[in-house]
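Structural description and commentary
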Amino acid sequence: MDLIAGIDRKLGQLAEQSLTRKLRVADSACAPRQVVDGRPMLAFCSNDYLGLAAHPQVVEALREGASRYGAGSGASHLVSGHSRAHALLEERLAGWMAPHLEQPRALYLCTGYMANLAVLTAFGADADAMIFSEALNHASLIDGARLAKAGVSVYPHGEVAALERQLADSRAATKIVVTDSVFSMDGNLAPLPELLALCERHGAWLVVDDAHGFGVLGENGRGALEHFGLRSPNLVYMGTLGKAAGVGGAFIAAHASVIELLVQRARPYIYTTAAPPALAHALQASLDIIAGPEGAERRAHLGALVAQLRDALRLRDWRLMASNTAIQPVVIGANEDALRVAAALHEQGLWVPAIRPPTVAPGTARLRVTLSAAHTFDEVARLARALNELEKTAP
Ligand SMILES: *Cc1c(COP(=O)(O)O)cnc(C)c1O
């Protein structure tokens, strides 16, 4: 019992700081109108930015993929789990990213978390390598850097000049700069053109985690590289496929030699069962939509919803962060205040998550509002009204 008592003490400390997180059970498909714990809710939480997670064409493709390839892959990729569905998806993704990379090849992995571990541990495998990591990077990049044998140097958020000094002072044999393209809890963009110019000058790799850009940014939805019009042999691109693409998994696209190194050396790729091939098959339907006229329409609608929300919010003490993406955080400050507002929204049938440390810095607890092309203008207006009212009546 002492063992359990020790755990319960730790859990008690989290509760005292308003840091306990709670699982909610979704009884219906991911969509703005969702049944959660048995109750209808209007959700502003998911990263399903284009509304593809429950799109009939994607769901049908998943069914077709399961009929053709079965439920599971049965083994890791290098043993026998690499199916035609995986190979076709990788070919398509490589072709898709070709405007931005030299001799591109793509590799599909089970999750973005694992893709980031794969890239950083394979690139940072030697002690004479150095990883230069942006301060607000996603936890999976932080963990990848921790797991790598390379040294790690964190540069302050958005500060290209500070990174330049770090690069100039470094004697590392391999230099790897790594950044989120869209910061997941803030919604703003990294200065990728400046970062890439710096990397080219200093012979460094630039690893871009485009979890929140792929499918959404750029005229054709190819993500942050398309948005900024970037192309370079120094780029290593990571796009996740469980957010805007609505299914699951992630891919790395880079020069074919980089990808071959990952196939040979990246443990999060090698030592895990390949994702079900049906997912890769369903992703072809997602890519059809993202690349086609419907994708363009969905991106345009999402952009209009973002503008509508920013225009409609009238906040004095709470702070709407400077973001043009689907991530529209409202900073409230104290953990308990953010929780209280999220609970008040919940009472009204509005589901918005309160994000607290360690995901964000202490004192910057926030509501992380995310919009999706599946939302309507009326739904966004309802959220804006509720937030404006709640702030007015806040103690
Ligand atoms: C979600 C996310 C990941 C992880 O991707 P998964 O496919 O969900 O594992 C990586 N990086 C960023 C910035 C993310 O937001």
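Just so you know, these numbers come straight off a predicted model, no measurement behind them.

The rules behind these values
Residues numbered from 1 in each chain as written. Predicted model: local features only at pLDDT ≥ 70, side-chain atom pairs only at ≥ 80, totals over all residues. Heavy atoms only, no water. Near = heavy atom within 4 Å. Polar contact = N/O pair within 3.5 Å; in protein donor to acceptor, adjacent residues only side chain to side chain. Areas by Shrake-Rupley, 256 points an atom, 1.4 Å probe, with all protein chains shown as cover. Helix = DSSP H or I, 4+ residues; strand = E, 2+ residues; numbered from the N terminus. Nonpolar A, V, L, I, M, F, W, Y, C, P; charged D, E, K, R; others polar. Expected span 1.5 Å × (residues − 1). Buried < 20%, exposed > 50% of the residue type's maximum accessible area, 1.4 Å probe, protein only. Contact = heavy atoms within 4.5 Å. Pairing = 2+ DSSP bridges. 1 Å grid on protein atoms, 1.4 Å probe; cavity = no way out; pocket = protein on both sides within 12 Å on 5 of 7 lines; lining within 4 Å. Points joined across faces, edges and corners; volume = space filled by probe spheres on them. Axes fitted to C-alpha atoms, helices over the stretch in contact; angles between N-to-C directions. Salt bridge = Lys/Arg side-chain N within 4 Å of Asp/Glu carboxyl O. Right-handed = clockwise from strand over helix to strand, strands pointing away. Parallel < 35°, antiparallel > 145°, perpendicular 65-115°, else oblique. Left-handed = near helix turned anticlockwise from the far one by under 90°. Domains from an automatic or database assignment. Buried area = accessible area lost by both parts, 1.4 Å probe.

Re the site of the ligand
Surveying the vicinity of the ligand reveals 13 residues, the closest of which are Gly112, Tyr113, Asp209, His212 and Lys243. Note that an oxygen atom of the ligand is positioned 2.7 Å from one of the backbone N or O atoms of Gly112. Note that an oxygen atom of the ligand is positioned 2.5 Å from one of the side-chain N or O atoms of His212. A total of 380 Å² of accessible area belongs to the ligand in isolation, and the protein chains cover 82% of it. At three residues, the largest contribution of residues to the shell around the ligand is made by helix H5 (residues 112-123). Class assignment of the residues belonging to the shell around the ligand gives a composition of two nonpolar, eight polar and three charged.

Considerations on helix H4 (residues 84-96)
Counted at 1.5 Å a residue, the expected span for H4 with its 13 residues is 18 Å, and the 18 Å between its end C-alpha atoms agrees. Taken together, the buried positions of H4 are occupied by Ala85, His86, Ala87, Leu89, Glu90, Leu93, Ala94 and Trp96. Close packing links the buried residues of H4 with helix H2 (56-69), helix H3 (77-81), strand E3 (104-109), strand E9 (250-255) and helix H12 (277-291). Sitting at the head of H4, Ser83 places a side-chain oxygen 2.9 Å from the backbone nitrogen of Ala85.

What to know about the pairing of strand E2 (residues 39-43)
Here strand E1 (residues 33-36) pairs with E2 via four bridges, running antiparallel. Counterpart to Arg33 in the pairing with E2 is Leu42. Between the end of E1 and the start of E2, which pair antiparallel, lie two residues, with Asp37 showing a positive phi angle near 50 degrees.

Here we look at the layout of surface pockets
When its volume is computed, the second largest pocket comes out at roughly 420 Å³. Around the second largest pocket, the lining is made up of 18 residues, and of these Leu136, Asn137, Pro358, Thr359 and Val360 lie nearest the centre. Looking at the lining of the second largest pocket, its residues break down into ten nonpolar, five polar and three charged.

Overview of the sheet that holds strand E14 (residues 365-370)
For sheets, the rule is that strands pair by backbone hydrogen bonds, running either parallel or antiparallel. A sheet is described by the order of its strands in space; here four strands give the open sequence E10-E11-E14-E13, paired in antiparallel fashion. Here the strands that pair on one side only, and so sit at the sheet edges, are strand E10 (319-320) and strand E13 (354-355). Pairing of E10 with strand E11 (residues 327-333), which is carried by two bridges, proceeds in the antiparallel orientation. Bridging from a neighbouring strand, Arg319 pairs with Val331 of E11. Helix H14 (residues 335-347) contacts E11, E13 and E14 of the sheet and is inclined by roughly 35 degrees relative to E14.

Here we look at the pattern of salt bridges
Inspection of every chain in the model, using the stated rule, returns 13 salt bridges. A salt bridge links Arg222 to Glu226, with the nearest nitrogen and oxygen atoms 3.5 Å apart. In terms of burial, Arg222 and Glu226 fall into one category: buried. One salt bridge in this structure joins Arg340 and Asp337, with 3.5 Å as the shortest N-O distance. Here Arg340 and its partner Asp337 are both found in helix H14, three residues apart, which amounts to about one turn of the helix. A relative accessible area of 28% places Asp337 in the partly exposed class.

Description of the pairing of strand E7 (residues 205-209)
A regular strand places its side chains on the two faces of the sheet in alternate fashion. Along E7, four of the five residues are buried, which leaves the element largely enclosed by surrounding structure. Across five bridges, the pairing between strand E6 (residues 174-180) and E7 is parallel. Within E7, the position partnered with Val177 by the bridge is Leu206. As for the winding sense of the linkage, the β-α-β connection from E6 through helix H8 (residues 192-201) to E7 is right-handed. Pairing between E7 and strand E8 (residues 235-240): four bridges, direction parallel. From the neighbouring strand, Leu206 faces E8, where its bridge partner is Leu235.

Remarks on the packing of helix H7 (residues 160-169) against H8
At a closest axis distance of 11 Å, the pairing of H7 and H8 adopts a crossing angle of 15 degrees. In terms of their interaxial angle, H7 and H8 are classed as roughly parallel. For H7 against H8, the interelement crossing comes out right-handed. Of the residues in H8, those touching H7 at Val160, Leu163, Glu164 and Leu167 are Glu194, Leu195, Leu198 and Arg201.

A closer look at the domain arrangement of the protein
Split by domain assignment, the protein resolves into domain 1 (20-49 + 293-392) and domain 2 (56-291). Centre-to-centre, using C-alpha coordinates, domain 1 lies 27 Å away from domain 2. If you look at the interface, domain 1 gives 21 residues, while domain 2 gives 22 residues. Interface of domain 1 and domain 2: buried area, both sides summed, is about 1,400 Å²; carbon and sulfur atoms make up 57% of it. Area buried by domain 1 at its contact with domain 2 is led by Tyr49, Arg299 and Thr325, which between them contribute 36% of it. For Arg366, the salt bridge is made with Asp186, and the minimal N-O distance between the two is 3.1 Å. Connecting domain 1 to domain 2 are eleven residue pairs in polar contact (both at pLDDT 80 or more). Taken together, the elements giving at least two residues each to the side of domain 1 that touches domain 2 come down to helix H13 (293-312), E11 and E14.

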